[in-house]
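Observations on chain architecture
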Amino acid sequence: MEMGAFAAIVVFCGLMPLAFGVPPTWKQPEQVHLSYAGVPGSMVVTWTTFSEADSVVEYSIWAGKLFELTAKGQATLFMDGGSEKRKLFIHRVTLTDLKPAVSYVYHCGSDSGWSDIFYFTALKEGVGWSPRFALFGDLGNDNPQSLARLQKDTQIRMYDAILHIGDFAYDMEEDNARIGDQFMRQVESIAAYVPYMTCPGNHENAYNFSNYRNRFSMPGNTESLWYSWNIGPVHIISFSTEVYFFIKSGLDLLFKQYEWLQKDLEEANRPENRAQRPWIITMGHRPMYCSNADKDDCTQFNSHVRTGLNDTDPPAPGLEDLFYRYGVDLEVWAHEHSYERLWPVYNYTVFNGSRNEPYVNPKAPVHIITGSAGCRERIDPFVPDPRPWSAFRSVDYGYARMQVFNYSHLYLEQVSDDQYGKVIDSMWLVKDQHGPEAWL
Ligand SMILES: *[C@@H]1O[C@H](CO)[C@@H](O)[C@H](O)[C@H]1NC(C)=O
Ligand SMILES: *[C@@H]1O[C@H](CO)[C@@H](O)[C@H](O)[C@H]1NC(C)=O
Ligand SMILES: *[C@@H]1O[C@H](CO)[C@@H](O)[C@H](O)[C@H]1NC(C)=O
Ligand SMILES: *[C@@H]1O[C@H](CO)[C@@H](O)[C@H](O)[C@H]1NC(C)=O
Ligand SMILES: *[C@@H]1O[C@H](CO)[C@@H](O)[C@H](O)[C@H]1NC(C)=O
Ligand SMILES: [Fe+2]
């Protein structure tokens, strides 16, 4: 046979499966990440394969007999909305009866392929401890400035949980969701070791947020769109600001979420609950306030997130009044690719605790915007003159760290990646009283 013909056959056979869109069998687990299932002693392991496979986690106590425990779960088929209609199998396994504060090692997959070995520490139980968080938004697969620093922080066990406040990958659906795959591989380096808790941002909106809804596994039954969970003395509420902007996904979602928020806040404010978990912290992607030099919603007095929509039937309530009414202590946001700390604020008015100690017994919620983790859109500059409610601003790449010490003390700081990890801002929020009564 002539060399040319041989080469032609090889090339032909090699290209055939690609040309007809039949990928090879691929049962190797990847994109491993953790989330807290919302029940004490639990953890969800989520991963991806590209062919159908079983969903198993083998695990054991650190330094115990390796993989002596087994948990099984389920895979769901996620078909991306792009032209290739790529198929991903998203595996979810919930581990239960984990011992508080005990470290575990695990791998996941099936007899057709196992992941690397990872480890995590089960969350402590009860309210008498001081959980530590990393928080940020707007982390992309290109220019992920803060990721290396977050990897090292995570490896030296600085955090009990990571809060990613919307906008992932830029964008997960791009290149037929291969960008989503690549991003999830990148964040495995942190998300496979501590619970990685999320909320949706505007960059997730393609195909009705399907990449977001399918790839994450947050508590509750809303496909990770809104949910709450407890950790130590804190009740964290995660929600979608996007219901105010992507009305085409369903206006009913906005009202459903609002009703749920109200119910959740009511419950969290029952005296016996608030006494146990005095801190209520909300996380949503698009802020109500910001002083960036763009035309974003947060730059407008009539911000949709803050005041709602008046051109829908019926009009849709905003969130500032709701959060104020239920005495939310801290509201964390992203979307603006910068860091901004606000004085306690309600209705565009500053309500300092006192002039010298604005964050000691503040008379309104405190807002933090931390959306400069790093993405291809770079940084969002500020208008030259800070607003009266703006306390500190920075356009360095970076992220925030938070520790909730006890009933009265919460500490938050902003790390600059540009300045090699320097802490460029910090705040102690001190409250002798929580709930709406604290505003009086
Ligand atoms: C978008 O997804 C949500 C959550 O699954 C669903 O309730 C809603 O009906 C969907 N909207 C559209 C337009 O398909
Ligand atoms: C409706 O909201 C827009 C901003 O979204 C605002 O400019 C307008 O004044 C509002 N109208 C009324 C009647 O409140
Ligand atoms: C909010 O402030 C505006 C003035 O900027 C005022 O007219 C309005 O009554 C205030 N609303 C509340 C609920 O305090
Ligand atoms: C709030 O406190 C800060 C810091 O002391 C101060 O600069 C600002 O003017 C205060 N704002 C009001 C309205 O009291
Ligand atoms: C709460 O934590 C802060 C910071 O560590 C500490 O100064 C304070 O004494 C603690 N309060 C109580 C009641 O333990
Ligand atoms: Fe955003």
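Residues numbered from 1 in each chain as written. Chains lettered and ligands numbered in written order. Predicted model: local features only at pLDDT ≥ 70, side-chain atom pairs only at ≥ 80, totals over all residues.

1. A look at the pairing of strand E28 (residues 422–430)
Under the convention used in this document: Any two strands with at least two DSSP-identified bridges between them are counted as paired. Put simply, DSSP H or I for four residues or longer makes a helix, DSSP E for two residues or longer makes a strand, and each gets a number counted from the N terminus.
Relative to E28, strand E27 (residues 409–416) runs antiparallel, the two sharing 8 bridges. Its bridge partner being in E28, valine 415 is matched across the sheet by valine 423. Counted between consecutive antiparallel strands, the loop separating E27 from E28 contains 5 residues, among which tyrosine 420 sits at a positive phi close to 55°.

2. So, the sheet that holds strand E21 (residues 339–342)
For sheets, the rule is that strands pair by backbone hydrogen bonds, running either parallel or antiparallel. Stated formally: Here an angle of 0 to 180 degrees is reported between the N-to-C directions of two axes, which are lines fitted to C-alpha atoms, with helices fitted over the stretch in contact.
Read across the sheet, 7 strands follow the order E15-E16-E17-E20-E24-E21-E25 without closing on themselves; strand pairing throughout is mixed. Looking at strand neighbours, the two that pair on one side only are strand E15 (227–231) and strand E25 (390–394), the edges of this open sheet. Across the sheet, the axes of successive neighbouring strands diverge by a mean angle of 15°, strand direction being ignored. The pairing of E21 with strand E24 (residues 366–370) spans 3 bridges and is classified as antiparallel. Residue tyrosine 339 lies in a different strand from E24, and its bridge partner there is threonine 370.

3. Thoughts on the site of ligand 5
Going by this rule: The rule is simple: place the C-beta atom from the backbone, and if it lies within 6 Å of a molecule or strand, the residue is near it. Gly is placed with the polar residues, together with every amino acid not listed as nonpolar (Ala, Val, Leu, Ile, Met, Phe, Trp, Tyr, Cys and Pro) or charged (Asp, Glu, Lys and Arg).
The local shell around ligand 5 consists of Phe405, Asn406, Ser408 and His409. For the shell around ligand 5, the per-class residue count stands at 1 nonpolar, 3 polar and no charged.

4. Regarding the nonpolar core
Quick reminder of the rule: For our purposes the nonpolar core covers buried Ala, Val, Leu, Ile, Met, Phe, Trp, Tyr and Cys residues that link as a set through C-beta atoms within 7 Å. In this scheme every C-beta is placed from the backbone, and a residue whose C-beta has 20 or more other C-beta atoms within 10 Å is buried, one with 12 or fewer is exposed, and one in between is partly exposed. What fixes the domain bounds is an automatic or database domain assignment. Think of it this way: build a C-beta for each residue from its backbone, and any pair within 7 Å is a contact.
Ranked by internal contacts, the top residues of the largest apolar core, which has 105 residues, are Met43, Val45, Leu135 and Ile162. Of all the elements, helix H3 (residues 174–191) adds the most residues to this core, at 7 residues. Viewed by domain, this core spans two of them, domain 1 (30–121) and domain 2 (132–439), each represented by three or more residues. What isoleucine 162 contacts, discounting residues up to four positions off in sequence, is Phe133, Ala134, Ile190, Val194, Tyr196 and Met197.

5. A word on the site of ligand 1
All residues adjacent to ligand 1 are Asn208, Glu223, Ser249, Gly250 and Leu253. For the shell around ligand 1, the per-class residue count stands at 1 nonpolar, 3 polar and 1 charged.

6. Some words on the sheet that holds strand E26 (residues 398–404)
Strand order in the open sheet formed by 6 strands is E14-E12-E10-E26-E27-E28, with mixed pairing between adjacent strands. For this open sheet the edge positions go to strand E14 (196–198) and E28, each flanked by a neighbour on one side alone. The sheet shows a mean angle of 20° between the axes of neighbouring strands, taken without regard to direction.

7. Details of the environment of glutamate 413
Relative to the helices and strands, glutamate 413 resides in strand E27. In the structure, glutamate 413 is positioned 120 residues away from alanine 293 in sequence and 24 Å away in space, judged by C-alpha atoms. Other than its neighbours up to four places away in sequence, glutamate 413 contacts Ala400, Arg401, Val423, Asp425 and Ser426.

8. A few points about unusual backbone geometry
Along the chain, tyrosine 170 connects to aspartate 171 via a cis peptide bond; the corresponding omega equals -15°. One can find aspartate 171 in the loop between strand E13 (168–169) and H3. Residue proline 314 is bonded to the preceding aspartate 313 through a cis peptide linkage, with omega at -5°. Positive phi is not limited to glycine here, since aspartate 167 has a value of about 70°. Counting through the fold element by element, aspartate 167 comes out in the loop between strand E12 (161–164) and E13. The buried category is assigned to aspartate 167, around which 27 C-beta atoms lie within 10 Å. Although it is not a glycine, phenylalanine 209 adopts a positive phi angle of roughly 60°. Within the secondary structure, phenylalanine 209 sits in helix H4 (residues 206–215). Overall, the presence of 23 C-beta atoms within 10 Å leaves phenylalanine 209 in the buried class.

9. Considerations on the domain arrangement of the chain
When cut into domains, the chain gives domain 1 (30–121) and domain 2 (132–439). On a C-alpha basis, the centroid separation for the pair domain 1 and domain 2 is 27 Å. Listed per partner, the contact involves 25 residues of domain 1 and 26 residues of domain 2. Secondary structure elements with two or more residues in the side of domain 1 that touches domain 2: strand E1 (30–35), strand E2 (43–49), strand E6 (87–95) and strand E9 (118–121). Looking at the side of domain 1 that touches domain 2, the element that brings in the most residues is E1, giving 6 residues.

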